[in-house]
Amino acid sequence: MAVGQRRTAERIQVGATLKRMRLDGQVSREDAAETLGCTVTTIGNIEQGRTKISHGDLTALLKLYGAPDDQVDDLIQVNREAHRGLTRVRGGGDIQPHQRRAADLIRGAQAISFYSPELFHGLLQCEPYARAVMAPSGHVTGVLENRLRFRLDQAEVLTREPDPLQLWAVVGEAALRKNIGGAEVMRAQLRHVVRLCRELPNVTVQVLPLGAREHYLIGATVSIYRLDEGLPRIASVDTTLGDQFFERDSAVSDAVANFDDVRTKALDPLTSVDMMGELADSL
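Reading the values: rules and limits
- Residues numbered from 1 in each chain as written.
- Predicted model: local features only at pLDDT ≥ 70, side-chain atom pairs only at ≥ 80, totals over all residues.
- Heavy atoms only, no water.
- Helix = DSSP H or I, 4+ residues; strand = E, 2+ residues; numbered from the N terminus.
- Expected span 1.5 Å × (residues − 1).
- Buried < 20%, exposed > 50% of the residue type's maximum accessible area, 1.4 Å probe, protein only.
- pLDDT = per-residue confidence, 0-100.
- Contact = heavy atoms within 4.5 Å.
- Arc of directions from axis to C-beta.
- Salt bridge = Lys/Arg side-chain N within 4 Å of Asp/Glu carboxyl O.
- 1 Å grid on protein atoms, 1.4 Å probe; cavity = no way out; pocket = protein on both sides within 12 Å on 5 of 7 lines; lining within 4 Å.
- Points joined across faces, edges and corners; volume = space filled by probe spheres on them.
- Nonpolar A, V, L, I, M, F, W, Y, C, P; charged D, E, K, R; others polar.

Taking 1.5 Å of rise per residue, the 12 residues of helix H6 (residues 97–108) would be expected to cover 16 Å, and the 16 Å separating its terminal C-alpha atoms lies within 8% of that figure. Of all the positions in H6, only Pro 97, Arg 101, Ala 103, Asp 104, Leu 105 and Ile 106 are classed as buried.

Right, here's the structure in full:
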């Protein structure tokens, strides 16, 4: 397992999830290294996506960490993607494995840049808004309730100490005017975002007006993750079939440039907050 191989988005996801599982299982890096017969540095490199891990070593660590079966199957599939690019397989359970991996990626990020034409980022969603997004029919099952709680708990990264996540979000004006959950829910959501922007210096939200000029992210929902120092940025594009991740320098650079273009065409942060507050008061 040599250091210095090309890191992929899948390898970074595998490493982030392994780190979370090790910490959840209260296993030290020393014990993990002893299990694989490697150094503590190698375990650190695996968790940071610097070193790929063989399927056998991955299975051994998952057993040591006491990982649930559905997460074992999912992570093995993702590791195969990191090696050979196979199709991702979703697992079962209340919290689906791909949702846990997405949360691991958020927790492992230092900063996230986000753009959506009509929806607030999950970290910015208040409970009524998130509930309406996840259950448009209004029918909430026990499984859905657990997934809702899981999503809302991720917002803890915005207030974690000592290094809260830096979130810079640009949302289309349509996101402010969507009737998600009705007027009362939208009023609560707008006031929630205004409060976060005013109370947390690490949270910035800009509104892209309906009258803004064309840009390269029209119709797309894009997230750009800046991870630990020394790791590459990765980008994802949300689709109806799930997130598609990119780690190639050229693709990520294009995503960053396109996000910066949208950011320059959006209202400044203070004007955006005022707009959201005024709209909330009018509902």
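What follows covers the confidence of the model for the protein. Per-residue pLDDT for the protein averages 88, and the proportion of residues at 70 or more is 93%. In this model, residues 1–6 is a region of pLDDT below 50 whose contacts with residues beyond four sequence positions or in other chains number 17 contacts. In this model, residues 85–92 is a region of pLDDT below 50 whose contacts with residues beyond four sequence positions or in other chains number 21 contacts.

Take helix H2 (residues 29–36) next. Buried within H2 are the following residues: Ala 32, Ala 33 and Leu 36. End-on view of H2: buried residues confined to an arc of 100°, all on one side of the axis. Looking at the buried side of H2, the elements it contacts are helix H1 (9–24), helix H3 (40–47) and helix H4 (55–65). Directly after H2, the chain includes Gly 37, whose backbone phi takes a positive value near 70°.

As a further point, take the pattern of salt bridges. Under the defined criterion, the tally for this structure stands at 19 salt bridges. Arg 195 is paired through a salt bridge with Glu 199; the nearest N and O atoms lie 3.1 Å apart. Taken as a pair, Arg 195 and Glu 199 lie in helix H10 (residues 183–199) at a separation of four residues, close to a single helical turn. A salt bridge links Asp 274 to Arg 198, with the nearest nitrogen and oxygen atoms 3.9 Å apart. Linking Asp 274 in helix H12 (residues 269–282) with Arg 198 in helix H10, this pair joins segments that are 76 residues apart in sequence. Since its relative accessible area comes to 41%, Asp 274 is described here as partly exposed. On the basis of relative accessibility, which here comes to 59%, the residue Arg 198 falls in the exposed class. Several salt bridges converge on common partners, so that one network encompasses Arg 20, Asp 24, Asp 104 and Arg 107.

As a further point, take the environment of Gln 99. Along the chain, Gln 99 turns up in helix H6. Residue Gln 99 is classed as partly exposed on the basis of its relative accessible area of 23%. Separated by 58 residues in sequence, Gln 99 and Thr 41 place their C-alpha atoms 28 Å apart. In this structure Gln 99 touches Asp 94, Arg 147 and Phe 150, once residues within four positions along its chain are discounted.

Another point: empty space enclosed by the protein. Remark: the empty space left among the atoms is shown by a probe the size of a water molecule rolled over them. In this structure the tally under the stated criterion is two cavities of 30 Å³ or more. Here the largest cavity defines a volume of roughly 40 Å³. What lines the largest cavity is Arg 11, Val 14, Gly 15, Ile 46, Thr 51, Lys 52, Ile 53, Asn 79, Ala 82 and His 83. Elements that contribute at least two residues to the lining of the largest cavity include exactly H1 and helix H5 (69–84). Looking at side-chain class alone, the lining of the largest cavity contains four nonpolar, four polar and two charged residues. As a volume, the second largest cavity reaches approximately 30 Å³. Contributing to the lining of the second largest cavity are Thr 17, Arg 20, Met 21, Gln 71, Asp 74, Leu 75, Pro 97, Arg 100 and Arg 101. The set of elements that each furnish at least two residues to the lining of the second largest cavity consists of H1, H5 and H6.

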